[in-house]
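Listed here are the chains, written in short residue letters.
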Amino acid sequence: MIDRTLISEERIAARLDELAREIDTAYAGREILAVGVLKGSVFFLTDLLKRLSTPVAVDFLQVRSYAGTSSTGNFELVRDLSSDIAGRDVLIFEDVVDTGLTLRKLLGLLGTRQPRSLKIAALLKKDLPENADLPVDFLGFTIGPEFVVGYGLDLDEKYRNLPFVAIWDPTR
Ligand code: 5GP
């Protein structure tokens with residue numbers, strides 16, 4: 001069951017305000033192609049994009065790497081982008097960086113398509129040795145290794161619509 005709120009709705013909103021300012025500064029005079037990794041990043045992406053002054057286009061892709069509460073270690077591109085990213089400033093939106101496998105694969109894949117720049121925005125990053133060398137350009141919060149739900153993050157499609165991030169405790 002849901003154990004406790006880890007990051008409240010108010011803390012998320014305040015951090016998104018800060019991230020939006022960082023992103024506007026970094027992309028001054030440019031246009032962003034925001035790439036959302038379905039489905040978990042949708043809440044983070046839409047709430048953040050509403051705060052930006054930088055012009056932005058949006059596209060989505062979908063990957064599969066998780067089943068239940070554990071990473072399968074596999075990476076499958078279930079749905080590709082509908083836009084050509086060559087020459088564009090691409091900003092990938094990810095909900096949580098866990099092992100980092102998903103983002104490493106995505107950086108490899110999208111990097112071959114000649115974007116002008118390719119950066120990462122992530123709401124959460126788990127403090128783990130596996131992802132320590134993975135550069136997250138715009139990061140909301142660093143968290144522990146626990147499995148979390150809410151604010152886009154699911155457990156078998158449940159809990160995505162919680163307005164906060166909570167820890168899931170399988171023993172309770
Ligand atoms: P990675 O490839 O970095 O190991 O995992 C990335 C993906 O696994 C995330 O986009 C998310 O879908 C899923 N994931 C990893 N950790 C969690 C977690 O704590 N909670 C939920 N709901 N999904 C997670």
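Reading guide: rules and limits
- Residues numbered from 1 in each chain as written.
- Predicted model: local features only at pLDDT ≥ 70, side-chain atom pairs only at ≥ 80, totals over all residues.
- Heavy atoms only, no water.
- Salt bridge = Lys/Arg side-chain N within 4 Å of Asp/Glu carboxyl O.
- Buried < 20%, exposed > 50% of the residue type's maximum accessible area, 1.4 Å probe, protein only.
- Helix = DSSP H or I, 4+ residues; strand = E, 2+ residues; numbered from the N terminus.
- Contact = heavy atoms within 4.5 Å.
- Pairing = 2+ DSSP bridges.
- Axes fitted to C-alpha atoms, helices over the stretch in contact; angles between N-to-C directions.
- Parallel < 35°, antiparallel > 145°, perpendicular 65-115°, else oblique.
- Left-handed = near helix turned anticlockwise from the far one by under 90°.
- Nonpolar A, V, L, I, M, F, W, Y, C, P; charged D, E, K, R; others polar.

1. Considering the pattern of salt bridges
Part 1: A full pass over the atoms with the stated rule returns 13 salt bridges.
Part 2: When the shortest N-O distance is used, the salt bridge between Glu22 and Arg15 registers 3.8 Å.
Part 3: Among the residues examined, Arg15 registers a relative accessible area of 18% and is labelled buried.
Part 4: Across the pair Lys39 and Glu157 runs a salt bridge whose closest N-O atoms are separated by 3.2 Å. Separated by 118 residues along the polypeptide, Lys39 in the loop between strand S2 (32–38) and helix H2 (42–49) and Glu157 in the loop between strand S8 (148–149) and strand S9 (165–168) bring together distant segments of the chain.

2. As for unusual backbone geometry
Part 1: Residues Leu38 and Lys39 are joined by a peptide bond in cis, for which omega reads 0°.
Part 2: Residue Glu157 is not a glycine yet carries a positive backbone phi of 75°.
Part 3: Classification of Glu157 as partly exposed rests on a relative accessible area of 47%.
Part 4: Phi at Tyr159 is positive, roughly 75°, even though this residue is not glycine.
Part 5: Within the secondary structure, Tyr159 sits in the loop between S8 and S9.

3. With respect to the environment of Tyr159
Part 1: Since its relative accessible area comes to 23%, Tyr159 is described here as partly exposed.
Part 2: Note: C-alpha distance between Tyr159 and Leu81 (78 residues apart in sequence) is 26 Å.
Part 3: Aside from chain neighbours lying at most four places away, what touches Tyr159 is Ile2, Val149, Gly150, Tyr151, Leu153 and Trp168.

4. What to know about the sheet that holds S9
Part 1: The antiparallel open sheet is built from three strands, whose spatial order is S1-S9-S8. Each end of this open sheet is capped by a strand with a single partner; those strands are strand S1 (2–7) and S8.
Part 2: Bridge count between S8 and S9: two bridges; the pairing is antiparallel. Among the inter-strand pairings, Val149 is bridged to a residue of S9, identified as Ala166.

5. Considering the packing of helix H1 (residues 9–26) against H2
Part 1: Where H1 contacts H2, the axes come no closer than 9 Å and their chain directions differ by 65°. As summarised for this structure, H1 and H2 are arranged roughly perpendicular, according to the angle between their axes. Seen from above, H1 lies across H2 with right-handed handedness. Note on element contacts: H2 touches H1 through Phe44, Asp47 and Leu48, opposite Leu16, Leu19, Ala20 and Ile23.
Part 2: Of the residues that constitute the contact of H1 with H2, the class distribution is six nonpolar, no polar and one charged.

Nothing here speaks to function; it is geometry throughout.
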